[in-house]
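Now for the letters of each chain:
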Amino acid sequence: MARSMIMLMFRRLQFGLMMGLFAAAVMSGDRVAEAAGWQRGLTSDVYQTDRYTLKIDHEAFRISMRGANGEFGPSPDAGLWIRQGDQQRSPAKQAEPLGDGAWRVTFENGAVATVRVQTDASAVRLTVEPEANGPHEIRVKFAGGMNPAYGLGDHGGYNESFNIYPCRHDALFQHQDGQMLRFVSTFAVFAKHGLAMVVFDDGPKYVRLEDSGTVMGVNEAEKLDGFYLFAGSMPEIYAAYRQSRNEMGLPDARPDIDFFYPGFESYGALSWRTDQKTVTEMLSEYVKRGYPLRWAVVGSGFWINPKSQPRGPEGCTTSFALWGQRYPEPDALKAFLKQHDLKLIIGLRHGFPALREDGGQYDPAVHGPSTKVALERGYVLTDATGKPRTFNVHFPKSPVYLLGPDNPQAVNWFAEQAARWGADGYKEDFMFDAGKSHYIDDYKINPIDTALARDGAMVMVRCAAYSTPGSILRINDTDIRHSRADQDRIAINSLAYAASGQPNVYPDIVGGRPISGWNDAKRNYLTRMAVLSAVLPAMSFGNAPWSMQSEAHEQATLKAAKWHAAHVPYIFSAAMQSYETGYPYTITPLPIAYPDDKVTYDLTSRKSKQYQWLLGPSLLAAPLFGSDYDTVTSRDVYLPAGRWMDYETGQIFTGPTTLKDYPRALDAMPLFVGRTGVIVEHDESGKLWAEVYPQVADGTPYTFISHDGQRSTISIDGPLGSGAVRVHTTTRTPVKTQSVRDGRAIRFELKPGVDYRVSAGDGS
């Protein structure tokens, strides 16, 4: 019996040593065996897939993850830290494996937590549930040095460079106190290393990406419920991140093609002078001058009081269908917009003017019955005693109640009431200082926008977290009255959104607020911003380009609008691929597209102003914009590996190469064609055309997704040089082609749902 026990102990020791050796071998890169699930060792556990190896040391729960190109290395101290109340933040001391990816972790201050690790091909999810009740501060820590890094939503958009490393956010949440941090995301991608991480939470979050450590966590949570690590190629990582958003109940909405056409925002044209007469007059002039607008935001608020009483009660968009004296004939407005194929978009906020006994200015004649209905049904946020809470927001100026976003009945009711406006969609425009209001809930907008989009409305998103529960994501306001440095933010902010997995960017109204006193600097500003917007997914106008009183500037602006509108099928196809896969095809930052090209890592900054990205799979955009908007005429342009053709001149370059001080005329589209070598446009009749550049196509098939979901693949045996080419369907049916762009490209009519092949041979 004793001998049997000794032999059993020996075998267990032998097995533990073997597993320990196995873990060490795996982590050092020597794969000695296939790991099927967790492999238990004496001092650590190991889990391995084809894309990563995860190791958890029992001592101090040190966690590490190695991918093909890099590693989240174990922290020199503990991998988990915790604090509750006034306790000192304490590191993990010991982890006891419980089986099935679970551990019982004890901390130096005596705290105990159950940690669960879920794994799949490209992702690891970590949850930490303390035994003690009450809000906790929980940190997950790795070794530092994860440079470069990209993402973090708006918190990455105000950076000096697109590379956010190093960064420190001790309390990351949505607020508008100083910087306008509306879109919240903690997703950070380390493209060079083939790794990424995110922590989901609706409260204040902790992010530090520094040499001293790579740390994410939560500050005031019952538990850490949604810390993810990702590994693999960039498409694999973004697909896994998309899946994690779905798991957390934060899905993206299917985009609507109309929002990708140029639009109009009345505030940019008229400021607070917006009303039915001024809006229709301005839009009529835009249409007359040939601007291909598809949607119009008519105002973010409605006022019952006349203009002669500007200090009267403020209306709001929760007055639901009370248009007021500024829009006396809403049916006529809607008919006018429909006549010109313009979608009606209304600014929408979810604040209800508070009753006067609660310090508000609620007036049923001005605000309608919605406030009282929301109160009676318990649809607004309340305090611990059940009393409705009031909040100060940017508009209206008097206190409001807020819709309870966690109440599905309240959210559905709100969507039903919003439909009473009879609009085609909404510009979500909630302006709120969460910290000052002592109400931090980064998810407060997501369910509302999701409900609106679910009911078929177009939704312009501004204040969501992690996902885009609408069609496009608008960065915060920018215009010429802001500091010059703020103009660089437009590009950096857009790229930060894309790196955060949300590439359907709308960069604000061309020119921002109304501009007066025109001079060449202001003309250049408006025109350069129009061209910048044209090579981003969405754009809109406000300032009347004809008011510049410069034919050259207006024609350059009109050209940018027309180019963008013509190429919406190509842009929207990329947006659909982004929606389906999670990868930022609509705008792909160069480090994401070329993670092995170190030149791309720190290319983009306020100093260099090399604002570049892939617009869809075939175009590289390099617009001239930034704080030098009034004088810039050239910029360095980096072209990655492959053949690239200047879209305007036809000149071909072979990358990788940097074009020093590359000139660009004011009216030139700042684009290079490469990669798949295919772009799609439509003509004024709506007919689709595939435009193929065989000299630069790399042989990668191009996939087109139409607005109704039909797919076509265009395969090119390229590069084909400058000789003749032919096109046929995959059923061998010849397709008639035309030579376009001075012989640089061919084009043919594209029928959605039909596949094509381009090869050398006689043209037809």
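Relevant structure appears above.
Residues numbered from 1 in each chain as written. Predicted model: local features only at pLDDT ≥ 70, side-chain atom pairs only at ≥ 80, totals over all residues. Heavy atoms only, no water.

A. Examining the overall build of the chain more closely. Each helix and strand counted, the chain has 16 helices and 43 strands in total. The C-alpha radius of gyration of the chain comes to 28 Å, within 12% of the 27 Å expected for a compact globule of 764 residues. In terms of its C-alpha atoms, the chain occupies a principal-axis envelope of roughly 100 × 80 × 50 Å. Within the chain, the proportion of its 764 residues that are buried is 62%. Of the contacts formed within the chain by residues at least 6 apart in sequence, a portion of 67% connects residues at least 24 apart. In the chain, which carries 79 positive and 85 negative side-chain charges, the distance between the mean positions of the two groups comes to 1 Å. (Helix = DSSP H or I, 4+ residues; strand = E, 2+ residues; numbered from the N terminus. Rg over C-alpha atoms; globule rule 2.2 N^0.38 Å. Buried < 20%, exposed > 50% of the residue type's maximum accessible area, 1.4 Å probe, protein only. Contact = heavy atoms within 4.5 Å. Lys, Arg positive; Asp, Glu negative; His and termini not counted. Charge placed at Lys NZ, Arg CZ, Asp CG, Glu CD.)

B. Summary view of the packing of helix 3 (residues 234-247) against helix 15 (residues 568-581). Across the interface, helix 3 lies against helix 15 with an axial gap of 8 Å and an inter-helix angle of 65°. By the angle between their directions, the pair helix 3 and helix 15 is classed as roughly perpendicular. Mapping the contact onto sequence places Tyr238, Ala239 and Arg242 in helix 3 and Tyr579, Glu580 and Thr581 in helix 15. Its residues assigned to classes, the contact of helix 3 with helix 15 shows three nonpolar, one polar and two charged. (Axes fitted to C-alpha atoms, helices over the stretch in contact; angles between N-to-C directions. Parallel < 35°, antiparallel > 145°, perpendicular 65-115°, else oblique. Nonpolar A, V, L, I, M, F, W, Y, C, P; charged D, E, K, R; others polar.)

C. Spatial organisation of the sheet that holds strand 5 (residues 71-72). With respect to topology, five strands assemble into an open sheet ordered 1-2-3-4-5, the strand pairing being antiparallel. Sheet topology places strand 1 (39-40) and strand 5 at the edges, where each strand pairs with a single neighbour. The pairing of strand 1 with strand 2 (residues 44-48) spans two bridges and is classified as antiparallel. Within strand 2, the position partnered with arginine 40 by the bridge is aspartate 45. (Pairing = 2+ DSSP bridges.)

D. Structural view of the environment of phenylalanine 173. For phenylalanine 173, the position within the fold is in the loop between strand 13 (167-172) and strand 14 (188-190). Not counting chain neighbours up to four residues away, the residues in contact with phenylalanine 173 comprise His155, Leu181, Val184, Pro204, Ala434, Gly435, Ile440 and Asp442.

E. The arrangement of the sheet that holds strand 19 (residues 263-265) in detail. A sheet is described by the order of its strands in space; here eight strands give the open sequence 27-26-25-24-21-20-19-28, paired in parallel fashion. Looking along the sheet, the strands with just one partner apiece sit at the ends: strand 27 (505-506) and strand 28 (540-541). Pairing between strand 19 and strand 20 (residues 295-297): three bridges, direction parallel. When the sheet's bridge partners are listed, glutamate 265 is paired in strand 20 with valine 297. Those strands touched by helix 11 (residues 446-454) are strand 21 (343-348), strand 24 (425-428) and strand 25 (458-461), and its axis lies near 155° from that of strand 25.

F. Focus on helix 14 (residues 551-566). With 16 residues, helix 14 should reach 22 Å at 1.5 Å per residue; the first-to-last C-alpha distance of 22 Å fits that figure. Taken together, the buried positions of helix 14 are His553, Glu554, Ala556, Thr557, Leu558, Ala560, Ala561, Trp563, His564, Ala565 and Ala566. (Expected span 1.5 Å × (residues − 1).)

G. Structural detail: the nonpolar core. One finds Phe61, Phe227, Phe230, Trp613 and Ile714 to be the most contacted residues of the largest nonpolar core, which totals 228 residues. Formed by twelve residues, the second largest nonpolar core is a distinct cluster that contains Phe173, Val393, Leu402 and Tyr439. (Core = buried A, V, L, I, M, F, W, Y, C linked by side-chain atoms within 4.5 Å.)

H. Quick peek at the pattern of salt bridges. By the definition in use, this model includes 44 salt bridges. In this structure, arginine 289 and glutamate 285 form a salt bridge, with 2.8 Å as the shortest nitrogen-oxygen distance. Using a relative accessible area of 33% as the deciding quantity, one classes arginine 289 as partly exposed. Residue classification places glutamate 285 among the partly exposed residues on the basis of a relative accessible area of 21%. (Salt bridge = Lys/Arg side-chain N within 4 Å of Asp/Glu carboxyl O.)

I. Structural view of the pairing of strand 18 (residues 224-231). With respect to burial, strand 18 is a largely interior element, seven of its eight residues being buried. In terms of strand pairing, strand 10 (residues 123-130) meets strand 18 through six bridges, oriented antiparallel. Looking at strand 18, one finds that valine 128 is bridged to leucine 224. Note that strand 15 (residues 195-199) and strand 18 share five bridges and pair antiparallel. The residue of strand 18 that forms the bridge with valine 199 is phenylalanine 227.

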